[in-house]
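# Chains, contacts and geometry: an overview
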Amino acid sequence: MNVIDTKLILKLNQRIIEKAKENASNKKMSLSRIVEAYLQSLTTKNDSSEFEISPFVKSIVTGTEIRVELDYKRKYSDHLIEKYK
């Protein structure tokens, strides 16, 4: 199957974009790739994903604020420990 990338223009809050770019950089991924993966997870019935969508990325779509006190690194670490038992 031949896949063609297409440009998509989104209007988002500047603060959200800056946070999202920083988050993507920390994951050594492009923001486009993260958004694409999230949209793919919304449009596929299969729950197996290349990587887990972080609460931060989910908050971009819903527009809700994420809890500052939530320890995402710890939560992800616990997830990996459980996954590879």
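Since the structure is predicted, the reported quantities are computational estimates derived from the model, not experimental observations.

### Section: the overall build of the protein chain
Along the backbone of the protein chain there are four helices and zero strands. Scanning the protein chain from its N terminus toward the C terminus, one meets helices and strands in the order α-α-α-α. Considering only intrachain contacts with a sequence separation of at least 6, the fraction spanning at least 24 residues in the protein chain is 36%.

### Quick word on the confidence of the model for the protein chain
As a general rule, the predicted coordinates of low-pLDDT regions are not to be interpreted in detail. In the predicted model, the protein chain carries a mean pLDDT of 78, and the fraction of residues at 70 or more is 76%. Taken element by element, the protein chain is modelled with least confidence in helix H3 (residues 55-62), mean pLDDT 71, and with most confidence in helix H1 (residues 14-26), mean pLDDT 89.

### Some thoughts on a nonpolar patch on the surface
On the surface, Leu8, Leu10, Leu12, Leu39 and Leu42 cluster together into a nonpolar patch covering about 480 Å² of accessible area. The residue Leu8 is located in the segment before H1 in this model. Classification of Leu8 as exposed rests on a relative accessible area of 56%.

What counts, and where the lines are drawn
Residues numbered from 1 in each chain as written. Predicted model: local features only at pLDDT ≥ 70, side-chain atom pairs only at ≥ 80, totals over all residues. Heavy atoms only, no water. Helix = DSSP H or I, 4+ residues; strand = E, 2+ residues; numbered from the N terminus. Contact = heavy atoms within 4.5 Å. pLDDT = per-residue confidence, 0-100. Patch = residues over 30% accessible without salt bridge, like charges linked within 9 Å, V, L, I, M, F, W, Y side chains within 5 Å. Areas by Shrake-Rupley, 256 points an atom, 1.4 Å probe, with all protein chains shown as cover. Salt bridge = Lys/Arg side-chain N within 4 Å of Asp/Glu carboxyl O. Buried < 20%, exposed > 50% of the residue type's maximum accessible area, 1.4 Å probe, protein only.

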